[in-house]
Structures are given as structure tokens and as C-alpha cells.
Amino acid sequence: MSKKFIVVPCYNEADRLNGDDFIALSAGANATLIFVNDGSTDSTGAKLSELCGQLGERGLVIELEKNAGKGEAVRAGMTVALDLGAGWVGYIDADMSTPVSEIIRLLAIGEAGNHRAVIGARIRLLGHSIDRSGTRHYLGRIFATLAAVILRIPIYDTQCGAKFFRSNTELRNALSTQFRSRWAFDIELIGRLTTPPAASTLPRWSGIVEIPLESWSGRTDSKLGPFGMIRTALDLIQIWSNLRRARKQERLSR
Ligand SMILES: Nc1nc2c(ncn2[C@@H]2O[C@H](COP(=O)(O)OP(=O)(O)O)[C@@H](O)[C@H]2O)c(=O)[nH]1
Ligand SMILES: [Mg+2]
């Protein structure tokens, strides 16, 4: 079985971190948790040290001195996982909006299939429990739809915080340079993974699957305020322009 790593970006999460959930996750998914403490100014660091004491070999903390944003924290954690020989690596939110059982299910789907990435999708369906405020849902839908247009792939939910990737050279390359956006980095990462080398004949998104989550809850406080939302929307324009440039270069190399 391949080694699995789950990265948890943490910025001032002392009040939201639930140690029992992470212990259950590590055991249930048979995975090592990499917490990235992103320059927190509360007692997140102490809480993470205590939690990693309980997790033993299954928990480690990366301390970033200065707050770098979720994207860079995730990139730092995933890079360490690849260096440690990950077979699968992904990330989740510290507030466990995606519940433990669903994270375990996503990883199991990844391992069992021939996929290169497994992404959680928050789709409101009867019988599923996707608990998000109306405003966040509709703003999120506009954003995710624009993201799909920019990426030119039929993806439904670019912004769900639970994503897992098979480790390979392509993933390492995709993580080798900084993300531009603190919050829309998921789009940058998917963009990098779906801009294929000139020789590829497969659809750009082949091997990347979205799995509708049966339950998800985003009712706890969010660190993304109105200012962050505007900034993230502006990031989208920059990401679009970068992607167009990358695709043009790719076409020229054919
Ligand atoms: N590393 C890092 N993580 C952050 C930062 N801001 C938020 N996060 C993390 O991103 C995840 C989602 O944050 P949250 O506030 O729940 O935003 P949501 O996307 O609205 O649910 C959590 O794990 C946060 O700790 C940041 O500045 N740096
Ligand atoms: Mg949240």
C-alpha cells in the first residue's frame, strides 16, 4: 500500500482544531498528517505540538514564520510529503468541513482506481447534507463556474477544501513554483495539471475525478471576508492570463 499524507493548513486555528477528529482520521485513512502552522498569532502552535505528540509518527508540524496564505502553506506541506515518499497526498481544511468519513472515502477511491486526482464536490442533492449559507453557496457557484470556464474543463467545484493527488513527476512540477493566489490556488494547481505536455493525446482532465460529497458543513467562521473575496476574484483574472500564456507556449511547442 502507498504512503498517504494529508496536509492541513492552519492559520489561527486554536479554537477550531479538534484533536479527536484528526486522530480518528489518521487511523481511519492510515495516513500521516502534516499540519502547516502559517505564522499563527494565537496558540495554534502549542495545540499542534500537543496533537502531534498524541499522533506520534503519524503527525508532524511545519512552522512558517510569516503568514504566507493557504496556497503557499498547502504547497509547503505537499512538497514535504513528496520528499517523504508519498504515494498519495492531499489537503483538507482545519475546521473539518469535509467530515472524517468523507475524507477516508475520497482517499480510498483514489487508491482503488486509476485516478491521478480525486476532488470533493459540494453538490446540493436530495439525500446529501451540504450545509452552507445561501450567500456563500450562490457566490461560490458563480466563482466556480467562472473557474471552469477559465480552466476550460467540465469541473463543478474548484474550491472544495478536500483534494487528493497521486504522487508523480507532473505533481511535483505543478508544485515547484509559488502560487499567485492565497485562496484560488486550487485553480492554479488544476490548471498546471491540465496543461498537458505537447505529446499527450488524452483529454486534459483525464484521470481527475470529482466525487459528490454526501456531507459537508461550512457553517463555522470563515477567514475569507469580503475583502478576501474581492482579492480572490481579481486573482482569477491574473490566473486566466497566466493560463492563456502557458497554453500558448504549449501550442507553440507542438
Ligand atoms: N496557511 C493558511 N491557511 C489559512 C489561512 N487562512 C485560512 N487558512 C486555512 O484554510 C482553511 C479554510 O479556512 P476557512 O476559514 O475555514 O475558510 P472557508 O474556505 O471559508 O471555509 C483552514 O484550514 C484555515 O486554517 C492563511 O492565511 N494561511
Ligand atoms: Mg471553513
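You'll find the structure just up there.
Our subject in this report is the structure included herewith.

Calculation criteria
Residues numbered from 1 in each chain as written. Chains lettered and ligands numbered in written order. Predicted model: local features only at pLDDT ≥ 70, side-chain atom pairs only at ≥ 80, totals over all residues. Heavy atoms only, no water. Axes fitted to C-alpha atoms, helices over the stretch in contact; angles between N-to-C directions. Helix = DSSP H or I, 4+ residues; strand = E, 2+ residues; numbered from the N terminus. Left-handed = near helix turned anticlockwise from the far one by under 90°. Contact = heavy atoms within 4.5 Å. Salt bridge = Lys/Arg side-chain N within 4 Å of Asp/Glu carboxyl O. Buried < 20%, exposed > 50% of the residue type's maximum accessible area, 1.4 Å probe, protein only. Phe/Tyr/Trp six-rings, centres within 6.5 Å; stacked < 30°, edge-to-face > 60°. Lys NZ or Arg CZ within 6 Å of the ring centre and 35° of its normal. Pairing = 2+ DSSP bridges. Near = heavy atom within 4 Å. Polar contact = N/O pair within 3.5 Å; in protein donor to acceptor, adjacent residues only side chain to side chain. Areas by Shrake-Rupley, 256 points an atom, 1.4 Å probe, with all protein chains shown as cover. Nonpolar A, V, L, I, M, F, W, Y, C, P; charged D, E, K, R; others polar. Core = buried A, V, L, I, M, F, W, Y, C linked by side-chain atoms within 4.5 Å.

Contact geometry for helix 1 (residues 19-29) and helix 2 (residues 44-55): axes closest at 10 Å, N-to-C directions at 35°. Both helix 1 and helix 2 take part in a crossing whose hand is right-handed. Facing Gly 19, Phe 22, Ile 23 and Ser 26 of helix 1, the residues of helix 2 in contact are Leu 51, Gln 54 and Leu 55.

Attention now goes to the pattern of salt bridges. As enumerated under the stated definition, the model contains 13 salt bridges in all. For the salt bridge of Lys 4 with Glu 111, the shortest nitrogen-to-oxygen distance reads 3.2 Å. Separated by 107 residues along the polypeptide, Lys 4 in strand 1 (residues 4-10) and Glu 111 in helix 4 (residues 100-112) bring together distant segments of the chain. Salt-bridge contacts for Lys 223 lead to Glu 13; the nearest nitrogen and oxygen are separated by 3.1 Å. With Lys 223 in the loop between strand 9 (215-217) and helix 8 (226-252) and Glu 13 in the loop between strand 1 and helix 1, the pair connects residues that are 210 residues apart, well separated along the chain. Using a relative accessible area of 36% as the deciding quantity, one classes Lys 223 as partly exposed. Each of Glu 13, Arg 16, Asp 95 and Lys 223 takes part in salt bridges that share partners, so that together they form one network.

Attention shifts here to the packing of aromatic side chains. Applying the stated criterion across every chain, the model contains 4 aromatic pairs. Summarising the aromatic geometry, the rings of Phe 22 and Phe 35 are spaced 5.2 Å apart at their centres and angled 75° between planes, so their arrangement reads as edge-to-face. Remark: Phe 35 occurs in strand 2 (residues 31-38) and Phe 22 occurs in helix 1; sequence separation between them is 13 residues. Residue Phe 22 shares its accessibility class with Phe 35, and that shared class is buried. Where Phe 179 meets Phe 185, the ring centres are 5.6 Å apart and the plane angle is 45°; that geometry is what we call tilted. Lying over the aromatic face of Trp 216, Arg 122 brings its terminal NZ or CZ to 4.8 Å of the ring centre. Over the ring of Trp 240 we find Arg 244; its NZ or CZ atom is 5.1 Å from the centre of that ring.

The 7 strands lie next to each other as 3-2-1-4-7-5-8, forming an open sheet whose pairing is mixed. Each edge of the open sheet is held by one strand with a lone partner, namely strand 3 (59-64) and strand 8 (208-212). Recorded for the sheet is a direction-independent mean angle of 20° between the axes of neighbouring strands. By the bridge criterion, 6 bridges tie strand 2 to strand 3 in an arrangement that is parallel. Residue pairing across strands places Asp 38 opposite Leu 64, the latter belonging to strand 3. The sheet strands contacting helix 1 are strand 1 and strand 2, and the helix crosses strand 2 at an angle near 140°. Helix 4 contacts strand 1, strand 4 (88-91), strand 5 (117-121), strand 7 (163-166) and strand 8 of the sheet and is inclined by roughly 150° relative to strand 8.

Close to ligand 1 lie 18 residues, the nearest being Pro 9, Glu 13, Asp 38, Ser 222 and Lys 223. The backbone of Ala 94 places a nitrogen or oxygen atom 2.8 Å from an oxygen atom of ligand 1. Between ligand 1 and Lys 223 there is a distance of 2.6 Å, counted from an oxygen atom to a backbone nitrogen or oxygen. The protein chains hide 93% of the 570 Å² of surface that ligand 1 would expose on its own. The set of elements that each furnish at least two residues to the shell around ligand 1 consists of strand 1 and helix 3 (70-83). Across the shell around ligand 1, the residue classes tally to 6 nonpolar, 3 polar and 9 charged.

Moving on: the nonpolar core. The biggest cluster of nonpolar side chains holds 37 residues, and the ones touching the most others in it are Met 78, Val 89, Tyr 91, Phe 165, Leu 171, Ile 187 and Leu 189. Ignoring anything within four residues of it in the chain, the contact list for Leu 189 reads Tyr 91, Phe 165, Ala 174, Leu 175 and Phe 179. Grouped together as the second largest cluster of nonpolar side chains are 30 residues, Val 8, Ala 31, Leu 55 and Ile 211 included.

As a further point, take the environment of Arg 116. With respect to the helices and strands, Arg 116 occurs in the loop between helix 4 and strand 5. A relative accessible area of 16% places Arg 116 in the buried class. Sequence spacing of Arg 116 and Glu 72 is 44 residues, and the spatial spacing of their C-alpha atoms is 21 Å. For Arg 116, the contacting residues outside a window of four places in its chain are Trp 88, Phe 164, Phe 165, Arg 166, Glu 170, Leu 193, Arg 204, Trp 205, Ser 206, Gly 207 and Ile 208. From its side chain, Arg 116 meets the backbone oxygen of Leu 193 in a polar contact 2.9 Å long.

Just distances and angles here, no functional claims.
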